[in-house]
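Spelled out, the chains give:
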Amino acid sequence: MTDVNTRSTTAALRMADALLHSLGGSAVALRFPMAAQSGQDAEQLGLSAPAFEDVPLGPAVFRRVRAQIAKDGMATYELLVSASAVNAQMTTLGLSSIAELFAAALGMVVRGSLLSVVGVTASEAFGQAYIYRVQLEGLQGDLL
Amino acid sequence: MENAKNSFYIALRNRLAEVNPARTIFLRGVSRPGVLVEENELATTKPPNDIYRLRWTKLSVNRQMHAALEQISCEIRYSTAGTSANGGMDRGQCLATMDDELMQMLQPCSTPKMSYTQNGSTAMATNVFWTAPAFEAVSEAQGVLTRTATVDVFSLQEAGEA
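Residues numbered from 1 in each chain as written. Chains lettered and ligands numbered in written order. Predicted model: local features only at pLDDT ≥ 70, side-chain atom pairs only at ≥ 80, totals over all residues.

1. Overview of the overall build of chain B
What counts is decided by this rule: Helix and strand assignments follow DSSP, with helices taken as H or I runs no shorter than four residues and strands as E runs no shorter than two, numbered in order from the N terminus. Note on method: radius of gyration uses C-alpha positions; expected globular size equals 2.2 Å times residues raised to 0.38. Exposure classes come from backbone-placed C-beta atoms, where a residue is buried if 20 or more other C-beta atoms lie within 10 Å of its own, exposed if 12 or fewer do, and partly exposed in between.
Across its full length, chain B carries two helices and 10 strands. From first element to last, N terminus to C terminus, chain B shows the α and β order α-β-β-β-β-β-α-β-β-β-β-β. Taking 162 residues into account, the globule formula puts the C-alpha radius of gyration at 15 Å, and chain B, at 17 Å, falls close to it. In chain B, which comprises 162 residues, the share counted as buried stands at 28%.

2. A short note on the sheet that holds strand β5 (residues 113-125) of chain A
Residue and element names in this part refer to chain A. Just so we agree on the cut-off: Whether two strands pair comes down to DSSP finding at least two bridges between them. Structural elements are reduced to axes, namely lines fitted to C-alpha atoms, with helices fitted over the stretch in contact, and the angle between N-to-C directions of any two is expressed from 0 to 180 degrees. Here, residue contact means that the backbone-derived C-beta atoms of the two residues sit within 7 Å.
Around the barrel, which closes on itself, the six strands sit in the order β1-β2-β3-β6-β5-β4 with antiparallel pairing between neighbours. Between one strand and the next, the sheet's axes are offset by a mean angle of 45°, whatever the strand orientation. Sheet topology places strand β4 (residues 107-110) next to β5; three bridges connect them, and they run antiparallel. Within the sheet, the bridge partner assigned to V109 lies in β5 and is L114. Helix-sheet contacts for helix α1 (residues 9-22) involve β2 (52-65), β3 (74-82), β5 and β6 (128-139), and the interaxial angle to β6 is about 40°.

3. Observations concerning helix α1 (residues 2-19) of chain B
The cut-off we apply is this: Helix span, as expected, comes to 1.5 Å for every residue beyond the first.
Here α1 of chain B spans 25 Å end to end across 18 residues, near enough to the 26 Å set by a 1.5 Å rise per residue. Looking only at α1 of chain B, the buried set comprises N3, A4, K5, N6, S7, F8, Y9, A11, L12, R13, R15 and L16 of chain B.

If you want it as structure tokens, here you go:
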């Protein structure tokens, strides 16, 4: 018998993914600093930079918000990203929460520009997040 | 000036490891003594508590001597919310402990100047030396006590140094 339960927890996830794909479905990436080298003075003195790793997230939709009300030359952007992609990366990285995932990241790489993560909110259905709304901040002109 | 700044930081870091080995910070997967130079780390909006954060500020050079005397100010900032086991009610005690540890770290007030590169360090001919710390009044915000101590660090410019 076919499952027609509209309260399926995965239905909202699939619907969000389909919606994001239909709106462009671009891929973005979370940038993480690699682990520091233990006992290395050079890194603590700024003589050598740590390596970084970009973890892809998608599908996602990126847009600028309140572009004209930017302060200090900064513009605010909004990213809608699939919860299934975020959850998968969280599991892969062995993190226990979304807050931990975004706090560990240096920022988000969108179209080659690194933007700071200002905040993350989740849209939920039946107690499960199906889409994350990520507020980003970056210099005006970085992403025209 | 980079050699003086680096030598000062390394001296404080190594002295902190002796003064209080338990004061550490877990940064990018590695545990190390709880002192860092802000400009050498990833930018953050929320600085960590219970460690020392060094911020280099004013710079001046006196060229009236046989070798140029460089002077750079170092703000040493530290904050504490106390311990969660005591509900933060011991934050005053924790700050006093950090005051005391800092004074111990800054004594003696000199260290050999070293030249640091990605591959290691070599000793230079002179010492880096500094003034006694000038402690500012404590500020409090949302249960977190913060103090800044300023130290002026001096160094003679050696041959080959910018």
